[in-house]
Amino acid sequence: MNLFRYAAAALLVAFASSAFAQEKLPDGAKVTKLVVHPTKVELSGPFAYSQLLVTATLDNGDALDATRLAKITAPKAATVNAVGLVRPTADGTGDILVSLAGVSQTVPLSVKDFAEEKPVSFVTDVQPVLGKLGCNAGTCHGAQAGKNGFKLSLRGYDSIYDYRALTDDLEGRRFNRAAPEKSLMLLKPAGAVPHQGGVTMIANDPNYELVRRWIAQGVKLDLDAVRVKSLEIFPKNPSIARIGQKQQFAAIATYTDGRVRDVTAETFVESSNTDVATVDKAGLVTTARRGEATMLARYEGAYAASTVVIMGDRTGFAWEPRPVHNYIDDLVDAKLKKVKVQVSELADDAAFLRRVHLDLTGLPPTSDAVRAFVEDKRESRLKREAVIEKLVGSDDFVEHWSNKWADMLMVNSKFLGGVGAKAFRSWIRDAVAENRPYDKFAYQIVTATGSNVDSPPAAYYKTLRTADAVMENTTQLFLAVRFNCNKCHDHPFEKWTQDQYFSLAAYFAQVGRTEDPKYRGQKIGGTAFEGAKPLVEVITDLKAGEIKHDRTGVDAKASFPYPVTTGKLDTEARRVQVAKWITSPENQYFAKSYVNRIWSYLLGVGIIEPVDDIRAGNPPSNPKLLERLTQEFIASGFDTRKLIRTICQSRTYQHSVYTTKWNDGDDLN
């Protein structure tokens, strides 16, 4: 039994040796403190492990990852490799000793049930290994057509399909239950027989032994196995002082039965910005230049993110406080001070006036307006706020923002004809002119019924004609969630599943479209692939109509991907139910997505970018700012004009575009 533990340890030592050899303490630095995570290690069973994270505090106040620098000594019950991964070797207790540069720390260790032959779970144990080895990746057997006649579900999202593919294909010859080590499922990845995917495991290493035991125990499928409820990665949002410094990450999964398990070795970690920082298969991050990069961890359908800030050399930086116009400046300044970025000066009057006119009306100011503004002797902030107040709600403002919504809602005579496009555009303009609350505006679009001329927002369902198309567009437009990525399989970068795709699309499956008798016989559109449609249609809610799940072929049952209190009734039309869910103040994406969109229109880049892609691996550049803007927007009753005024009145909006030594090259903050 001990052989495969030592083989695995040797393999990981070799893997980590290059990174280990390159690192050292900064010249002249003294270690004042060591912190080890976790504070105690409890291992149960032969396959359990724990990733240690050692953080050293230096005499200059900097903190660095010392996991590969420290000397880590384990008692007889365990081994620890060069990257700090602790694995058991026998039952027992003791202390793990961590020491570096004269400073030490101990971590209590407890190992139990090492020799027990516990059942190996296909769902909980085997599938994560297949995923980490790349067997079900899109470049291997998870490809649409599989590889060399063998296909698995992409990233293991379908346990039943994968089990059947492994056990039923080719009359089950991938397994030899009498002699598990002679199974093709072990021989190929171990390199004992030719394998196009190469050698992905070594005989007697932990992955090999885990799969071997599963085969020996009868190749069982356990669909009732506990599932991952949530995932955490550590450290959380670390700041790294020096470029080139490395940081080890650890991943901890919590299961539906409350069990907590270190899953670092099977977790995938990806960097959002590989120009700033890269990450290897063991979760070791290497920094490349100053900036920020988010590490997105993925394990069995659960996701977690941690943003790494690389400071670089900021010698000579001293924060210079600037006047604060409103809460936006407070929150922006707090982030900039943390990452040692100094804001530029305010734009001059002429530059500000041009900016605010273009942003709010889409038109430049007249020459007379520029001269009058520049010559105005009032205090700068007062006269700027007066201009903002004058422009917000003006006729040019209404036209400009109506055009934005007409573009997003696809107001186009190609789809709607001239009469339909004119009616929809007029309805949008009226909504902008009266500053209709954003939640009411969105609700009216999602629930619109009647003729698309007499009830113009019904045109939304004339342009989008299938339940899946409506759902995809609606979630991306009003929630900034790209739900189209999980139509064919579970979402590759988020928690959304294929089942959730069809369950949400079911809310739009009972939309009826009939020709308006007043315009009978008049057609628009028509291509070689699609027949012409009636010029005007009446949109209704039917009592029947479903969408079939692509994988199961069964009608999908309408349900929401995450809970929101809406007071909805199952007797209400499905579109009413989903509209209440979307526009609820409790919906975590609705208000946030629109606040972020407005910010991007006025500042040139979203707090989350792209603005229609909110997900764990794409976090906001300033989470506290986005949260405060969102809560203020909800508290205002979804008042769009108030949101726009607040942003434009901030000092942040009014900064010059000219950079300084302390912000040149920073395109995020």
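What this report covers is the structure whose coordinates are included nearby. It should be emphasised that the depicted structure is a prediction, and the values quoted were computed from it without experimental measurement. (Residues numbered from 1 in each chain as written. Predicted model: local features only at pLDDT ≥ 70, side-chain atom pairs only at ≥ 80, totals over all residues. Heavy atoms only, no water.)

### Details of the pairing of strand β14 (residues 250-255)
Looking along a regular strand, one sees side chains alternate from face to face of the sheet.
Next, step 1: Of all six residues making up β14, five are buried, and the element is well covered by its neighbours.
Next, step 2: With six bridges joining them, strand β11 (residues 228-234) and β14 adopt antiparallel strand pairing. Paired with E232 across the bridge in β14 is I252.
Next, step 3: Pairing analysis gives three bridges linking β14 to strand β15 (residues 260-262), with the strands arranged antiparallel. The residue of β15 that forms the bridge with A253 is R261. (Buried < 20%, exposed > 50% of the residue type's maximum accessible area, 1.4 Å probe, protein only. Helix = DSSP H or I, 4+ residues; strand = E, 2+ residues; numbered from the N terminus. Pairing = 2+ DSSP bridges.)

### Some points on the sheet that holds strand β5 (residues 63-65)
As a general point, the strands of a sheet are linked pairwise by backbone hydrogen bonds and lie either parallel or antiparallel.
Next, step 1: Sheet architecture is open: three strands sit in the order β1-β4-β5, paired in antiparallel fashion. The two strands at the open ends of the sheet, each matched to only one other strand, are β1 (31-37) and β5. When strand polarity is set aside, the average angle formed by the axes of neighbouring strands in this sheet is 25 degrees.
Next, step 2: Direction of pairing for strand β4 (residues 53-58) relative to β5: antiparallel, over a ladder of three bridges. Each residue of the ladder has a partner; that of A56, found in β5, is L64. (Axes fitted to C-alpha atoms, helices over the stretch in contact; angles between N-to-C directions.)

### Comments concerning the environment of A77
Next, step 1: Among the structural elements, A77 can be located in the loop between β6 (71-73) and β7 (78-80).
Next, step 2: For A77, a relative accessible area of 6% corresponds to the buried category.
Next, step 3: With 34 residues separating them in the primary sequence, A77 and V111 have C-alpha atoms 6.7 Å apart.
Next, step 4: Apart from the residues within four sequence positions on either side, A77 is in contact with R87, P88, T89, A90, D91, G92, L109 and V111. (Contact = heavy atoms within 4.5 Å.)

### Here's the deal with a nonpolar patch on the surface
Next, step 1: On the surface, I160, L221 and L223 cluster together into a nonpolar patch covering about 210 Å² of accessible area.
Next, step 2: What makes L223 partly exposed here is its relative accessible area of 41%. (Patch = residues over 30% accessible without salt bridge, like charges linked within 9 Å, V, L, I, M, F, W, Y side chains within 5 Å. Areas by Shrake-Rupley, 256 points an atom, 1.4 Å probe, with all protein chains shown as cover. Salt bridge = Lys/Arg side-chain N within 4 Å of Asp/Glu carboxyl O.)

### A word on the packing of helix α10 (residues 395-408) against helix α17 (residues 590-603)
Next, step 1: Where α10 contacts α17, the two axes come as close as 14 Å, and the packing angle between them is 120 degrees. Taken as axis vectors, α10 and α17 run oblique relative to one another. For the pair α10 and α17, the crossing hand works out as right-handed. Side by side, α10 and α17 meet where W401, K404, W405 and M408 of the first sit next to Y594, R597, I598, Y601 and L602 of the second.
Next, step 2: For the contact of α10 with α17, a count of residues per class yields seven nonpolar, no polar and two charged. (Parallel < 35°, antiparallel > 145°, perpendicular 65-115°, else oblique. Left-handed = near helix turned anticlockwise from the far one by under 90°. Nonpolar A, V, L, I, M, F, W, Y, C, P; charged D, E, K, R; others polar.)

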